[in-house]
Amino acid sequence: MKPVLIRQHVESAPAGLLAAWLDARGLRYEVDRSWLGAPLPDPRDYAFVASLGHDHMAGDTHVPAVAAEHDLLGRALAHDVPVLGLCYGGQVLAAVLGARVGPAPVPELGWRAIETDEPDRVPAGPWLEWHFERFETPPGATELARTPDASQAFRLGPHLGVQFHPEATVEIVEGWARADGVDAAAAGLAAAPAQREAAAAAAFQLFDAFHAMADQSQKKVAI
């Protein structure tokens with residue numbers, strides 16, 4: 001089976017629970033650190049592409065690394081390679097699919113529960129969020145989840161974009177809070193062990209559901 005491609009865009013936004021899930025499921029993966037400026041991988045060499053968070057916005061296409069991510073995800077879509085977009089990755093996926101991405105009127109920082117239409121695929125959370133922009137649902141896609149302030153998940157074929165951070169741990173998001181000058185306590189990042197365990201279980205459920213959808217799609221392509 002082909003490995004998974006993880007596109008990591010900054011040191012402070014690692015694969016976290018996504019890597020833990022891949023290890024637990026025995027799935028091979030490669031982490032491509034986009035800021036190093038290596039040639040773009042060919043998405044056809046991978047089972048799916050997962051694009052993580054960034055300190056840039058999806059609309060910052062004047063930044064070469066952001067423009068490159070648009071290019072890479074566009075090529076993945078063109079070749080029917082499933083894409084899992086997480087926060088920034090979800091915003092780039094939405095933009096490549098023709099949706100508008102722009103500043104969020106209310107930044108979502110900390111733990112947020114979501115309203116979900118498909119809780120087996122996208123559990124209600126609460127999830128960790130840390131974003132100042134939001135995406136609209138791309139043309140032809142199905143919105144799966146939302147909060148009063150932003151769309152939270154969409155699906156188009158085998159592709160899934162989410163606005164929250166299923167891959168993030170509290171420790172990862174606390175680092176983002178420090179970088180943004182936000183008090184972690186004021187953002188409500190603290191969580192009891194039971195809540196952390198529930199969030200990790202929900203993340204594994206989301207990744208399992210995406211993988212099943214992606215795997216089914218790839219089998220159809222191979223026929």
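Here is a short report on the structure shown in this document. (Residues numbered from 1 in each chain as written. Predicted model: local features only at pLDDT ≥ 70, side-chain atom pairs only at ≥ 80, totals over all residues. Heavy atoms only, no water.)

1. Thoughts on the overall build of the protein chain
Working step 1: Per the secondary structure count, the protein chain includes five helices and ten strands.
Working step 2: Its C-alpha atoms give the protein chain a radius of gyration of 16 Å, within 12% of the compact-globule value 17 Å for 223 residues.
Working step 3: Projected onto its principal axes, the C-alpha coordinates of the protein chain cover approximately 50 × 35 × 30 Å.
Working step 4: By the burial criterion, 51% of the 223 residues in the protein chain qualify as buried.
Working step 5: Within the protein chain, contacts between residues at least 6 apart in sequence are counted, and of these 72% link residues at least 24 apart.
Working step 6: A total accessible area of about 9,500 Å² is found for the protein chain, and carbon and sulfur atoms account for 54% of it.
Working step 7: Here the protein chain holds 17 positive side-chain charges and 29 negative ones, and the gap between their average locations is 6 Å. (Helix = DSSP H or I, 4+ residues; strand = E, 2+ residues; numbered from the N terminus. Rg over C-alpha atoms; globule rule 2.2 N^0.38 Å. Buried < 20%, exposed > 50% of the residue type's maximum accessible area, 1.4 Å probe, protein only. Contact = heavy atoms within 4.5 Å. Areas by Shrake-Rupley, 256 points an atom, 1.4 Å probe, with all protein chains shown as cover. Lys, Arg positive; Asp, Glu negative; His and termini not counted. Charge placed at Lys NZ, Arg CZ, Asp CG, Glu CD.)

2. Considerations on the nonpolar core
Working step 1: Counting 32 residues, the largest nonpolar core has Leu18, Leu84, Val122, Leu160 and Leu206 as the members making the most contacts within it.
Working step 2: Counting residues per element, the ones that place at least two in this core are strand 1 (4–8), helix 1 (17–24), strand 4 (83–86), strand 8 (142–146), strand 10 (159–162) and helix 5 (193–222).
Working step 3: No other element matches helix 5, which puts eight residues into this core.
Working step 4: The residues touching Val122, leaving out its near neighbours within four places in the chain, are Ile114, Thr116, Leu144, Ala145, Ala153, Phe164 and Leu206.
Working step 5: Residues Val66, Leu77, Tyr88 and Phe154 belong to the second largest nonpolar core, which totals 21 residues. (Core = buried A, V, L, I, M, F, W, Y, C linked by side-chain atoms within 4.5 Å.)

3. Re the packing of helix 2 (residues 64–78) against helix 3 (residues 88–96)
When two helices pack together, you describe them by how their axes are tilted relative to each other and by the distance separating the axes.
Working step 1: Packing of helix 2 against helix 3 brings their axes to within 9 Å, and their N-to-C directions diverge by 65 degrees. Crossing of helix 2 over helix 3 shows right-handed handedness. Contacts from Ala65, Val66, Glu69, His70, Leu73, Gly74 and Leu77 of helix 2 reach helix 3 at Tyr88, Gly89, Val92, Leu93, Ala95 and Val96.
Working step 2: Of the residues contributing to the contact of helix 2 with helix 3, the split by class is nine nonpolar, three polar and one charged. (Axes fitted to C-alpha atoms, helices over the stretch in contact; angles between N-to-C directions. Left-handed = near helix turned anticlockwise from the far one by under 90°. Nonpolar A, V, L, I, M, F, W, Y, C, P; charged D, E, K, R; others polar.)

4. Examining helix 4 (residues 170–179)
Working step 1: Looking only at helix 4, the buried set comprises Val170, Ile172, Val173, Trp176 and Ala177. The arc that holds the buried residues of helix 4, viewed along the axis, is 160 degrees, so those residues lie on one side. Set apart from the buried face of helix 4 by more than 90 degrees, the exposed residues are Arg178 and Ala179.
Working step 2: Note on helix 4: the residue one or two positions beyond its end, Gly181, has a positive phi of about 70 degrees. (Arc of directions from axis to C-beta.)

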